[in-house]
Amino acid sequence: MRDSSFLILITNTDDDIIRETEKTIGVKFDEIVTAQQAGAYKPSHKGFHLARERLGLPKSEIWHAGFGFKYDIVPATELGYTTVWVNRQGEARPVNVKETFLVGDMQTLVYLMQGIEVSMRG
């Protein structure tokens, strides 16, 4: 596992919309993959493949976190990624696919990632 983390956004939007959105949310992404760039909307694997290609990482080093179970967790699981379902609404799992980790909010996701980084450092 590498010492650094990357924050990549795979989004079902186009380049113009996400450019404006990125300005307002106050988060700087290392890479953004839009449906426009991938030529397909999630749950297609095309955006996931494009992100992995840009990162140059093996599957074993990729974690995918998302709110949308069918659009994020299912395809990422199919690709063999570690997955984190951010289940903000306490929804029932819609299909017979199981996420690697389940958290209820973004703050808990941050704590999870910080804990993983600390444990990897030794």
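By convention here, each chain's residues receive numbers from 1 onward along its written sequence. Only residues with pLDDT of at least 70 are given local features in this predicted model, and only at 80 or more are side-chain atom pairs given and counted; all residues enter the totals for whole chains, interfaces and linings. Only heavy atoms go into the side-chain values, all of them from the structure, while hydrogens and water stay out.

## Observations regarding the nonpolar core
For soluble globular proteins, the rule of thumb is that nonpolar side chains tend to be buried together. To be explicit about the condition: To form a nonpolar core, buried Ala, Val, Leu, Ile, Met, Phe, Trp, Tyr and Cys residues must be joined to one another through side-chain atoms within 4.5 Å. Burial here depends on accessible area, computed with a 1.4 Å probe over protein chains only, as a share of the maximum for the residue type. Under 20% is buried, over 50% is exposed, and the range in between is partly exposed. Only DSSP runs of H or I covering at least 4 residues are called helices, and only runs of E covering at least 2 are called strands; the numbering of each starts at the N terminus. Contacts are assigned to residue pairs with any non-hydrogen atoms lying within 4.5 Å of each other.
Ranked by size, the top nonpolar core spans 11 residues in total: I10, V33, A38, F48, L50, A51, L57, I62, A76, L79 and Y81. Considering each element in turn, this core owes the most residues, three residues, to helix α3 (residues 46-55). Apart from residues no more than four positions distant in its own chain, V33 is found in contact with L9, I10, T11, A38, G47, L50, A51 and R54.

## Considering the sheet that holds strand β4 (residues 82-86)
Using the following cut-off: Any two strands with at least two DSSP bridges between them are considered paired. To get an axis, fit a line to the C-alpha atoms, keeping to the stretch in contact for a helix; angles then go from 0 to 180 degrees between the N-to-C directions.
Taken in spatial order, the three strands of this open sheet run β3-β4-β5, and their pairing is parallel. The strands lining the two open edges of the sheet, one partner per strand, are β3 (63-66) and β5 (101-103). This sheet shows a mean twist of 15° between the axes of neighbouring strands, independent of strand direction. The sheet contact formed by β4 and β5 spans three bridges and is parallel. Its bridge partner being in β5, V86 is matched across the sheet by V103. Across the sheet, helix α4 (residues 69-78) touches β3 and β4, and the angle it forms with β4 is around 165°.

## As for α3
Stated formally: The arc in question is formed by the directions pointing from the helix axis toward the C-beta atoms.
Of all the residues in α3, the buried ones are G47, F48, L50 and A51. End-on, the buried residues of α3 take up no more than an arc of 165°, which puts them together on one face. Along its buried surface, α3 packs onto β1 (8-11), β2 (31-34), α2 (35-38), β3 and α4. At the C-terminal side of α3, G56 shows a positive phi close to 70°.

## Here's the deal with the environment of Q89
Tracing the backbone through its elements, the reader meets Q89 in the loop between β4 and β5. Assessed through its relative accessible area of 63%, Q89 is described here as exposed. For the pair Q89 and D105, spaced 16 residues apart in the sequence, the C-alpha separation amounts to 9.0 Å.

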